[in-house]
Every structure is written in C-alpha cells, then in structure tokens.
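Structural overview
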Amino acid sequence: MFLLLSIGLAAILVAITVIDLRSYIIPDGFNALLLGVGVLAALQLRVVALMIVAFEPVACFGILTALSLAYRWARSQTGLGGGDIKLLTAATAWVGLAQIPWVVLIASMSGLLFAVALHVQGRDIIAGSRIAFGPHLALGLAVTWFVQPFTGTLTGGVWP
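All of the points below concern the structure found in this document. (Residues numbered from 1 in each chain as written. Predicted model: local features only at pLDDT ≥ 70, side-chain atom pairs only at ≥ 80, totals over all residues. Heavy atoms only, no water.)

1. Thoughts on the overall build of the chain
What the chain contains, in helices and strands, is 6 helices and 0 strands. From first element to last, N terminus to C terminus, the chain shows the α and β order α-α-α-α-α-α. Considering only C-alpha atoms, the chain reaches an extent of 50 × 35 × 25 Å along its principal axes. Residues classed as buried in the chain amount to 39% of the 160 residues present. Across the chain, every contact between residues at least 6 apart in sequence was considered, and the portion connecting residues at least 24 apart equals 73%. Accessible surface, the chain as shown: approximately 9000 Å² in total, 72% of it carbon and sulfur. Of the charged side chains in the chain, 7 are positive and 5 negative, and the gap between their average positions amounts to 3 Å. (Helix = DSSP H or I, 4+ residues; strand = E, 2+ residues; numbered from the N terminus. Buried < 20%, exposed > 50% of the residue type's maximum accessible area, 1.4 Å probe, protein only. Contact = heavy atoms within 4.5 Å. Areas by Shrake-Rupley, 256 points an atom, 1.4 Å probe, with all protein chains shown as cover. Lys, Arg positive; Asp, Glu negative; His and termini not counted. Charge placed at Lys NZ, Arg CZ, Asp CG, Glu CD.)

2. Structural notes on the nonpolar core
Judged by nonpolar contacts, the single largest core of 28 residues is most densely connected at L34, W94, L141 and W145. Contributions of two or more residues to this core are made by α1 (2-23), α2 (28-45), α3 (50-75), α4 (82-95), α5 (100-120) and α6 (134-151). No other element matches α4, which puts 7 residues into this core. Each residue touching L34, except ones within four places of it in the same chain, is listed here: L9, I12, L13, I16, L87, A90, W94 and L141. (Core = buried A, V, L, I, M, F, W, Y, C linked by side-chain atoms within 4.5 Å.)

3. As for the environment of F150
Turning to its location among the elements, F150 is positioned in helix α6. For F150, a relative accessible area of 73% puts it in the exposed group. Distance from F150 to V95, taken between C-alpha atoms, is 13 Å for residues 55 residues apart in sequence.

4. Quick look at the environment of Q121
Mapping Q121 onto the fold places it in the loop between α5 and α6. Spatially, the C-alpha atoms of Q121 and V37 are 38 Å apart, while their sequence positions differ by 84 residues.

5. Here's the deal with α4
Compared with the 20 Å implied by 1.5 Å per residue over 14 residues, the 20 Å span of α4 between its first and last C-alpha is a close match. Across the 14 residues of α4, 12 count as buried, placing the element largely inside the fold. Of the residues making up α4, those classed as buried are G83, D84, I85, L87, L88, T89, A90, A91, T92, A93, W94 and V95. Downstream of α4 by one or two residues, G96 has phi in the positive range, about 90°. (Expected span 1.5 Å × (residues − 1).)

That is the geometry; function is a separate question.
Okay, structure coming up:
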C-alpha cells in the first residue's frame, strides 16, 4: 500500500512542480487532490483517528495564514503565497503536523541552494527576486514522506 500511495504522491508532486515552475501558481485542484489522497493515506497507514487527520490540516492552514498575514503587514509584501499555504496544508495530511517543520526546512534549504545556483550562473538574485517555492515544498514533502518508515514517525513507531 505504501508503494502505491508513494507513486500517487510522486505523480501529484511532479504535476505541481511543473505547473509552479511555469506559472508561479499551484492550482487549487491539485492541492485538493493532494489533500484528499493524503487523508486516505493517513487513515490507511497511520494509527490515527479521522478527527486528528481532519484537524491537523485545518490547524496548519490557520497557523500559516496567520504567519503570512503578519509577514505581509510587517513587510508590505507577500512572503508565502496562497498556493504554498494550501500545499503545506495538504502535506499535513500525508506526514502529520509534527513533521511540517521538516518539510519547510528541506524546502528552505533546497530553495536557498537553487538561488545560489542561479547566482553562480550569473543571474542577479535580489530581495525582490521571484522564485517558485512549490517545487521545493514538493521536494520537502517527498523526502519527509519517504524517510518516515525508517524513522518510525509514520505510525508513531509501529510500522504496519
């Protein structure tokens, strides 16, 4: 079951990555698909109740929306787009709220390395430069998802 879910996750994340790289937009339909399949994956693989699987994405969405609004208020610019917030919300169904900091850490490191690579290639990277963050979040989710069976975090330490 894990392999089938992983293939589905990879397919959705590849589609999100390609679209975000081309248009700087993550379509709501793909985020909804990611969330729906993630909820099914969580109920199938993790030892959790439906109430928890439903609550964690809602909590993640609220926290990230509040942080995004605070950043916009403080800096007068968008820091995290709505599609990125929805992608992280859907990611919560796949890996759980406690793992989202790992997703963001991996995504941030990937995004930083990407910006450095662009700079090395001679492209000017300034504070206002636009970089699609969805592909980096997709990578963070994929790495976190695939590492969970080895760390015991998928089922709280009990692999099915």
